[in-house]
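If you want the building blocks of each chain, they are given just below.
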Amino acid sequence: MKFERRPWAEPYKIKVVEPLKMTSQSDRERFIKEAGYNTFLLHSEDVYIDLLTDSGTNAMSDYQWAGMMMGDEAYAGSKNYYNLENNVRKYYGYKHLVPTHQGRGAENMLSQCLIKKGQYVPGNMYFTTTRAHQELAGGTFVDVIIDEAHDSQFNHPFKGNVSLEKFSNLINKVGAENIAYITIGATVNMAGGQPVSMENIKAVHKLAHQHGIKVVLDATRAMENAYFIQQREPGYQNKSVAEILKEFASYSDAATMSGKKDLLVNIGGFVAVNDDDLFEELRNMVVLYEGLHTYGGLAGRDMEAMARGMEEAVHDDHMKARVEQVGYLGELLDRYDIPTVKPFGGHAIFLDAKRFYPQIPQSQYPAQTLAADIYVNSGVRAMERGIVSAGRNKETGEEYFPALELVRLTIPRRVYTQAHLDITAYSIAEVYDKRDKATGLKMIYEPKYLRFFQARFERL
Ligand SMILES: *Cc1c(COP(=O)(O)O)cnc(C)c1O
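Residues numbered from 1 in each chain as written. Predicted model: local features only at pLDDT ≥ 70, side-chain atom pairs only at ≥ 80, totals over all residues. Heavy atoms only, no water.

## Some words on the overall build of the protein
What the protein contains, in helices and strands, is 16 helices and 14 strands. Its C-alpha radius of gyration of 22 Å places the protein within 12% of the 23 Å reference for a compact globule of 460 residues. Expressed along its principal axes, the backbone C-alpha trace of the protein runs to roughly 60 × 55 × 50 Å. A buried classification covers 58% of the 460 residues belonging to the protein. Of all intrachain contacts in the protein linking residues separated by at least 6 positions in sequence, the fraction that spans at least 24 positions is 72%. (Helix = DSSP H or I, 4+ residues; strand = E, 2+ residues; numbered from the N terminus. Rg over C-alpha atoms; globule rule 2.2 N^0.38 Å. Buried < 20%, exposed > 50% of the residue type's maximum accessible area, 1.4 Å probe, protein only. Contact = heavy atoms within 4.5 Å.)

Listed below in structure tokens is the structure:
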């Protein structure tokens, strides 16, 4: 036997394909120049392997597509709503469900219901839309993740954990009555898809409830989190992802969900709660923002696809293939000695652009440059997560210089094969071989809000 370990393979076969346009390097040089060296401004048609995001980019199964034909598009009381409600109860265990068009719809409503002006909302690292809605509702986000999460090279099996010390210090400092609730993101997106342990959420739940504070789970990638618990936490090796997920969610009082991640759909989300009064309030509020409480901005067919996606996503075989595929790309890059963030997360691999292009100062956008160079080399599209994404200080107008200057390679679920990832790693290795010749970029157009989406650059 020459294998280092038992290989794994996708637990599905391909029935429908979407042909990809093959382009030449000189085509791609023109496309990226026209896009102002910003991968967000490329036409998706000109992209060969699209690793921009795992959000809404999932491939649906025949079972989900069959469900799309079973859409009950009644304005009120669609049967697809009841199927979704059943599955949320079965897999997550929450009593009540309100569907929303996507995750941020759920965040908006829950923040408005639970946050009083001036209250604090602790959480294990911010997420962009979550924090924005907490602030809109008059709350102040406080980061209570363990310090290790901010260190790109620190190897910790549960780098998403809450620091109980930071959480209890906050309670002592501001008083429990000034804390709206605590959010647990699992896995933690902005830390690179790092998981939270069962032991940690259990302890957070206990401490929060001792002080009458609610625990809200950002369940967007909680199934991926459950897989990491099965692989890494003592006592869970013989439990299924489904059993672990249900136990994990039982240590929370409510959840917001973006179905565009774990649940294998292209659009959809929900908020789920146990409290009857809170449910009444959400059910009333959803009418204002999303639609009636039995569709929440979704077509019946979309709710059906999400209900069915939930059944498939929670399977151990699916989750193993999903998370191990991400790790496979990370291991290939390790083999070429390419600097990445460790440990590998559940949905993406991050390249460390400061170590990749040490000669390019951060003011010349090394991660933006690297994402453009990878695209030119092979048509692989990645995303900048560094100084461009960090933006400017509102008061001083100075650019933030974040510690982490990264390029994110995000893997859509069930979309690409191992061969696509081989090409991706090969291409990044080729760019790495020529790293000494790389030069940075100059920003020539800077939008006012969330500049990374639309900023334009020129090569220096
Ligand atoms: C994507 C995401 C959201 C927001 O969901 P949308 O469906 O994009 O509105 C919230 N939390 C996390 C962790 C996410 O990754």
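## Topic: the site of the ligand
As a structural note, the neighbourhood of the ligand is formed by 13 residues, with Gly103, Arg104, Asp218, Ser258 and Lys261 the closest of them. The contact in question runs from an oxygen atom of the ligand to an N or O atom on the side chain of Gln102, over 2.9 Å. Burial of the ligand by the protein chains amounts to 95% of its free accessible area of 380 Å². With three residues, helix α4 (residues 103-114) is the single largest residue contributor to the shell around the ligand. (Near = heavy atom within 4 Å. Polar contact = N/O pair within 3.5 Å; in protein donor to acceptor, adjacent residues only side chain to side chain. Areas by Shrake-Rupley, 256 points an atom, 1.4 Å probe, with all protein chains shown as cover.)

## Things to note about the packing of aromatic side chains
Throughout the structure, instances matching the rule amount to 10 aromatic pairs. On the basis of an interplanar angle of 70° and a centroid distance of 5.2 Å, the ring pair of Tyr75 and Tyr295 is categorised as edge-to-face. With Tyr75 in the loop between α2 (62-68) and α3 (79-91) and Tyr295 in the loop between α10 (276-289) and α11 (300-313), this residue pair connects regions lying 220 residues apart in the sequence. Judged by its relative accessible area of 56%, Tyr75 is exposed. When its relative accessible area of 19% is taken as the criterion, Tyr295 is described as buried. (Phe/Tyr/Trp six-rings, centres within 6.5 Å; stacked < 30°, edge-to-face > 60°.)

## Comments concerning the environment of Leu110
Inspection of the secondary structure puts Leu110 in helix α4. Residues contacting Leu110, with those up to four places away along its chain left out, are Val216, Thr256, Val271, Val273, Leu278 and Leu282.

## Comments concerning the side chain of Arg414
Its place among the elements puts Arg414 in the loop between β12 (406-410) and α16 (418-433). Using a relative accessible area of 18% as the deciding quantity, one classes Arg414 as buried. Within the structure, Arg414 has its side chain in polar contact with the side chain of Gln64 (distance 2.8 Å). A polar contact is formed between the side chain of Arg414 and the side chain of Glu312, at a distance of 3.1 Å. Filtering out sequence-adjacent residues up to four positions away, Arg414 remains in contact with Tyr12, Ala59, Met60, Ser61, Gln64, Leu264, Glu312 and His318.

## What about unusual backbone geometry?
For residues other than glycine, phi is negative in most cases, and the peptide bonds are mostly trans. Residue Thr187 is reached from Ala186 by a cis peptide bond, and omega for that bond is -5°. Cis geometry marks the peptide bond from Lys342 to Pro343, where omega comes out at -15°. Of note, Pro343 is situated in the loop between α12 (316-335) and β9 (348-352). Despite not being glycine, Arg414 shows a phi value in the positive range, around 65°. With phi around 35°, Leu450 is a residue other than glycine that occupies positive phi space. You can see Leu450 is positioned in the loop between β13 (441-445) and β14 (456-459). Residue classification places Leu450 among the exposed positions, given a relative accessible area of 56%.

## Concerning the sheet that holds β12
Taken in spatial order, the three strands of this open sheet run β9-β12-β11, and their pairing is antiparallel. What marks the edges here is a single partner per strand, and that holds for β9 and β11 (383-385). Across this sheet, the average inter-strand angle for adjacent strands is 35°, counted without regard to direction. Looking at chain direction, β11 and β12 are connected through three bridges and run antiparallel. (Pairing = 2+ DSSP bridges. Axes fitted to C-alpha atoms, helices over the stretch in contact; angles between N-to-C directions.)

## Here we look at the nonpolar core
In this structure, Tyr92, Leu217 and Phe270 are the most contacted members of the largest nonpolar core, which totals 63 residues. Listed in part, the 35 residues of the second largest apolar core include Leu333, Phe344, Leu351 and Ala425. (Core = buried A, V, L, I, M, F, W, Y, C linked by side-chain atoms within 4.5 Å.)

## Examining the pattern of salt bridges
As enumerated under the stated definition, the model contains 23 salt bridges in all. A salt bridge links Arg413 to Asp54, with the shortest nitrogen-to-oxygen separation between them at 2.9 Å. One end of the pair, Arg413, is in the loop between β12 and α16; the other, Asp54, is in the loop between β1 (49-50) and α2, with 359 residues separating them in the sequence. Via salt bridges that share partners, Asp54, Arg221, Glu224, Arg322 and Arg413 belong to a single interconnected network. (Salt bridge = Lys/Arg side-chain N within 4 Å of Asp/Glu carboxyl O.)

## Some thoughts on the domain arrangement of the protein
Taken domain by domain, the protein comprises domain 1 (25-54 + 316-459) and domain 2 (62-313). Centre-to-centre separation of domain 1 and domain 2, based on C-alpha positions: 28 Å. With 25 residues of domain 1 in contact, the opposing surface of domain 2 contributes 29 residues. Between domain 1 and domain 2, a total of about 2,100 Å² is buried, with carbon and sulfur atoms accounting for 50% of that surface. In this structure, the connection of domain 1 to domain 2 is made through four salt bridges. (Domains from an automatic or database assignment. Buried area = accessible area lost by both parts, 1.4 Å probe.)

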